Amino acid sequence: MSDEFSPPTSEWYYPANGVVENAHVKDYKAIYKESMDDLEAFWAKRAETLDWYEPWDTVLDDSNAPFFKWFSGGKTNVTLNALDRHVKTWRRNKIAMIWEGEPGDKVSLSYWRLWQEVNKFGNVLRSMGVKKGDTVTIYMGRIPELAIAMLACAKIGAVHSVVYGGFSDQALADRIEDAQSRVLVTADGAWLRGNIVHLKDVVDEAVHRSPVVETIIVVRRTGHDIRMEQGRDYWYHDLMNLPIASPICETEVMDAEDPLFILYTSGTTGKPKGVLHTQGGYQVYISTTLEWVFDIKDEDRWWCAADPGWITGHSYIVYAPLILGATGFMYEGAPNFPYPNRWWKMIEEYGITILYTAPTAIRGLMRFGDAWPKRHNLSSLRLLGTVGEPINPEAWRWYHTVIGKEQCPIMDTWWQTETGGFMITPVPSFGLKPGSATRPFPGIDADIVDEDGNTVPPGEDGFLVIKRPWPGMLRTVYGDPERYKEQYWSKYQKQGWYLAGDSARFDDDNYIWVIGRIDDVLKVSGYRLGTAEVESGLVSHPAVAESAVIGIPDEVKGNVIYAYCILVAGAEPSEDLKDELKNHVRHEVGPIAVPAKIEFVETLPKTRSGKIMRRVLKARAQGLPEGDLSTLER
Ligand code: PRX
């Protein structure tokens, strides 16, 4: 550790020997300063590490803020860097992706093989009429074909919209409708905890609700019987065997600012936001952040244990590791199947060197005790990481001692679907404090400010803002530029700052501690959910007149959903009705949105303007004092 930060005032961990000496970033302070002194020069230098068909004219075009453009005029394609360039080098025979299915089946794909599969599927999609700019919805479990489908879309210039496999038919239908996808790629099912998740059934129902889909391509994964509709549904493997699926597929030359993908995420309203990322800046940002934060080297075996259906998987399972020519690992199923040592067993077996996961997964595995990880040789690990929510110190320490054997720094990365990549994060040379995401990544001008935009003093809560654009930022909300402006740029419009939607504070060492959301967004097992989505799921049941949903703390999941419901006249409150409502939410939104507890009430506390006072409900649910009720509607 260099002398970047003053001595600790709290618990403080220094990197083990060898970590700093060999790391990509040795002098964070100097690099950070350089980036702030000349932001454009800094990012231009990073962009030069990638291949471009044609160079850019302007690094940052802010003439139409907040619709920023990066590397305008530049021509590229993310697959040029993730695949095409590697197959021309020694890396063609390097393993790009190792995969293990929950039942124990295994696949390894070299760069050459992955490139071919992507080319073949790109040709299949083209033959199905998918053109540059078209959207393709992907709804699958964690299997290599998911990455292949994403990369194939990117390669032919189509925009993918991956919908997490845990969403229900209604949620999927809404996302298909919003993206207007005519082609959908899915699987018959997925393995989870030894059971089949019936993905194709959900797809059939969703397409029934949103008939814009004309073609469904189905990967055979679980092999159980499913309904295939003639003329609409095709088996992936059949198509990949046709002569049209040639292993040579021309990569579409894209503008840096052409869209790469839409990823729906939750906001304050019931309608999910289609966060749009583009081809050029995104590549530069995610490859730089992964290389520097997780210090990726050719000999590493990188495991990001997220789902590719979330931004973490997009950026750090699929795109960034491939751009860096790394070897990534992906696992299909549950961490504790068939036993709670599954993850540790795979780390040992594959020699995983870097593990990146979420606090909820750590807490979930910690529950089973130390004996499970201790049965395995985890000495291959050299770095660890977390993302998704603040990590509680107890889980941090367990991760550090029992998994990392006190040798592996933990990179607590704060970022969002909207930011594309890590924003507030250590690099391996940092001194660490459990629970703090530490400092902004180079090129990120972050601050914590009060209502008026003044930097708050250490120890005080404020709004986390980003004061200057960065290449990985979202470009808009798909089809709703007003929402983009309103949501992220209106609070500090005068200053032109990005509002992250999180509260945070500095400590005396200038480290940043992210506290949580300032809006009605919940984090349940690290998944982001809008209270409004769950509420609209509940009120779509005929017995529910009104509902209010809050998150209450949970030891493993971070938060669980607590739902208050007012029933319509004539509906009888009962335990059966609670179960029925839970099932209804499972069906309407998805299993992740199912309330842990439902309470029937006669009224809900509201302000005079009719806004539900969640603060009061939260206190009530936890048996805490309800605080100031002076603004309550009487
Ligand atoms: O509240 C912050 C929390 O997750 C939100 C973003 O969620 P999502 O878009 O689903 O992206 C998650 C994966 C990047 C943030 O607004 N969050 C994410 N990482 C952290 C975090 N909170 C504290 N510490 C983190 N490391």
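What this report covers is the structure whose coordinates are included nearby.

Glancing now at the overall build of the protein chain. Tallying secondary structure elements over the protein chain gives 18 helices and 30 strands in all. Whereas a compact globule of 634 residues would reach a radius of gyration of roughly 26 Å, the protein chain reaches 24 Å, a difference of no more than 12%. Taking the principal axes of its C-alpha atoms as reference, the protein chain extends roughly 70 × 65 × 60 Å. Relative to all contacts within the protein chain whose residues are 6 or more apart in sequence, the contacts with residues 24 or more apart total 71%. Taken as a whole, the protein chain presents about 23700 Å² of accessible surface, with 50% of it coming from carbon and sulfur. Averaging the coordinates of the 68 positive side-chain charges in the protein chain and doing the same for the 87 negative ones gives two points 2 Å apart.

With that settled, consider the packing of helix α16 (residues 531–539) against helix α17 (residues 575–588). Contact geometry for α16 and α17: axes closest at 9 Å, N-to-C directions at 120°. On the basis of their axis angle, the class for α16 and α17 is oblique. Crossing geometry of α16 relative to α17 is assigned as right-handed. Here Val534, Gly537 and Leu538 of α16 lie close against α17, whose contacting residues are Leu581, His584, Val585 and Glu588.

Here we have 3 strands laid out as an open sheet, ordered β28-β29-β30, and mixed in their pairing. Strand pairing shows two members of the sheet lacking a second neighbour, β28 (544–554) and β30 (597–600), which therefore form its edges. Across the sheet, the axes of successive neighbouring strands diverge by a mean angle of 25°, strand direction being ignored.

Residues Ala65 and Pro66 are joined by a peptide bond in cis, for which omega reads 5°. You can see Pro66 is positioned in the loop between β1 (58–61) and β2 (69–72). With an omega of -5°, the peptide bond between Phe337 and Pro338 qualifies as cis. By the secondary structure assignment, Pro338 is in the loop between β17 (327–331) and α11 (342–350). Positive phi values are uncommon outside glycine, yet Asp295 reaches one of about 55°. Turning to its location among the elements, Asp295 is positioned in the loop between α9 (280–293) and β16 (301–304). Take Asp295: its relative accessible area is 1%, and that puts it in the buried class.

Cut-offs and rules
- Residues numbered from 1 in each chain as written.
- Predicted model: local features only at pLDDT ≥ 70, side-chain atom pairs only at ≥ 80, totals over all residues.
- Heavy atoms only, no water.
- Helix = DSSP H or I, 4+ residues; strand = E, 2+ residues; numbered from the N terminus.
- Rg over C-alpha atoms; globule rule 2.2 N^0.38 Å.
- Contact = heavy atoms within 4.5 Å.
- Areas by Shrake-Rupley, 256 points an atom, 1.4 Å probe, with all protein chains shown as cover.
- Lys, Arg positive; Asp, Glu negative; His and termini not counted.
- Charge placed at Lys NZ, Arg CZ, Asp CG, Glu CD.
- Axes fitted to C-alpha atoms, helices over the stretch in contact; angles between N-to-C directions.
- Parallel < 35°, antiparallel > 145°, perpendicular 65-115°, else oblique.
- Left-handed = near helix turned anticlockwise from the far one by under 90°.
- Pairing = 2+ DSSP bridges.
- Buried < 20%, exposed > 50% of the residue type's maximum accessible area, 1.4 Å probe, protein only.

By themselves, these figures tell us nothing about what the structure is for.
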